[in-house]
Amino acid sequence: MNANKLRNLDTKTDVFLEKIERIKDYAKSYAEWQKKREAFIKDQLKIDLPKFINNDSDLKIKKDLNVLVQLGASHTRMYRDLAEQDKVSRSFNKASVVYDYFDEAWRRHMFDKEVSDDLAAHILLQNEFLKAFGEELDDLTNDTFEQYKIIRDALSKFTLEEIENVLETARNAEDFKFVLIEKLKEKGVDLASLISKTPSE
């Protein structure tokens, strides 16, 4: 662990700091994998698309063609790369796109931006939240963006220090449920109503 990177957190426990650093490293590695994946997709488009067009007599005579590429909302970088080469437009199945904390972290690395200790801590908290309340979220909605919004509505209330306290206090999933619910009550948030309301509310 590089202590210089964590000089602001020198009052925190070593275990918590190590988890923060591991999360940052994993997000960076995941971003590198995504870069390779996107590069492969772009290379395949250059190779396979001309072949496909040349093998189709109807397509070969068309002056302009529209090509549909279905990608997840997180692939902003690839969209920008494609837009530099040709006329490209994009659309989402939701008016509002919400990313979870881990997606935010690796997307930051995709654009060579740093991941803060606070964001890494929220990823740790999100992981525990999903272990404890994942089934409730799945029962509520299969809309990923809606689930991410609920997670952020609940967890954005916590500071880095509070996250460490919650994670140290809760020793298992059941403990975490109780601790988180109580901590949210202190902030005026009723988690039970948050994860039981309908998506349209």
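None of these values were measured; they are calculated from a predicted model. (Residues numbered from 1 in each chain as written. Predicted model: local features only at pLDDT ≥ 70, side-chain atom pairs only at ≥ 80, totals over all residues. Heavy atoms only, no water.)

To continue, consider helix 6 (residues 144-155). Spanning 12 residues, helix 6 covers 16 Å between terminal C-alpha atoms, matching the ideal 16 Å at 1.5 Å per step. For helix 6, the complete set of buried residues consists of F145, E146, Q147, Y148, I150, I151, A154 and L155. Capping the start of helix 6 is the job of one residue whose side-chain oxygen sits 2.9 Å from the backbone nitrogen of F145: D143. (Helix = DSSP H or I, 4+ residues; strand = E, 2+ residues; numbered from the N terminus. Expected span 1.5 Å × (residues − 1). Buried < 20%, exposed > 50% of the residue type's maximum accessible area, 1.4 Å probe, protein only. Polar contact = N/O pair within 3.5 Å; in protein donor to acceptor, adjacent residues only side chain to side chain.)

What follows deals with unusual backbone geometry. Note: most residues except glycine have negative phi, and most peptide bonds are trans. In this structure, D112 is a non-glycine residue whose phi angle is positive, near 60°. Here D112 shows up in the loop between helix 4 (101-110) and helix 5 (117-140).

At their nearest, the axes of helix 4 and helix 6 sit 10 Å apart, and the two run at 95° to each other. When the axes of helix 4 and helix 6 are compared, the pair comes out roughly perpendicular. Contact residues: helix 4 offers Y101, D103 and E104, while helix 6 offers Y148, I151, R152 and L155. Along the lines of polarity and charge, the residues of the contact of helix 4 with helix 6 split into 4 nonpolar, no polar and 3 charged. (Axes fitted to C-alpha atoms, helices over the stretch in contact; angles between N-to-C directions. Parallel < 35°, antiparallel > 145°, perpendicular 65-115°, else oblique. Contact = heavy atoms within 4.5 Å. Nonpolar A, V, L, I, M, F, W, Y, C, P; charged D, E, K, R; others polar.)

Attention shifts here to the packing of aromatic side chains. In total, this model carries 6 aromatic pairs according to the counting rule given. Aromatic pair F129 and F133: ring centres 5.0 Å apart, planes at 40°, arrangement tilted. Within this pair, F129 and its partner F133 are both found in helix 5, separated by 4 residues, close to a single helical turn. The burial state of F129 is the same as that of F133; both residues are buried. Through successive ring pairs, a cluster of aromatic residues spans Y26, Y30, W33, F102 and W106. Its end group placed over the ring of Y99, R107 keeps NZ or CZ at 4.2 Å from the ring centre. (Phe/Tyr/Trp six-rings, centres within 6.5 Å; stacked < 30°, edge-to-face > 60°. Lys NZ or Arg CZ within 6 Å of the ring centre and 35° of its normal.)

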